[in-house]
Amino acid sequence: MIVLTVLAAVVFMIIGFSIGQALASPGSATAQSRVGTWARDHHLAFLVDGVEKLR
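To start, this report covers the structure provided alongside it. (Residues numbered from 1 in each chain as written. Predicted model: local features only at pLDDT ≥ 70, side-chain atom pairs only at ≥ 80, totals over all residues. Heavy atoms only, no water.)

Taken as a whole and judged by the stated rule, the model has two salt bridges. The closest approach of N and O atoms between Arg 40 and Asp 49, which form a salt bridge, is 3.1 Å. With a relative accessible area of 32%, Asp 49 lands in the partly exposed category. Arg 40 is the partner of Glu 52 in a salt bridge, and the nearest nitrogen-oxygen pair spans 3.2 Å. Pair noted here: Glu 52 is in helix 3 (residues 45–54) and Arg 40 is in helix 2 (residues 31–41), with a separation of 12 residues, a long-range link. A relative accessible area of 36% means that Arg 40 is categorised as partly exposed. What you see here is one network of salt bridges that share partners, running through Arg 40, Asp 49 and Glu 52. (Salt bridge = Lys/Arg side-chain N within 4 Å of Asp/Glu carboxyl O. Buried < 20%, exposed > 50% of the residue type's maximum accessible area, 1.4 Å probe, protein only. Helix = DSSP H or I, 4+ residues; strand = E, 2+ residues; numbered from the N terminus.)

Given below as structure tokens:
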């Protein structure tokens, strides 16, 4: 159980660091746009498209 918790924490830290870098990059894009771009760059376009359909 502790191993699974540590593994999940490491995965969330890596993802958080990656998204943080995308949000901190220079430019005038909104945070929503930057996260969407990050997700598409990481093969999560199906998720972004699904969220866009809900709007």
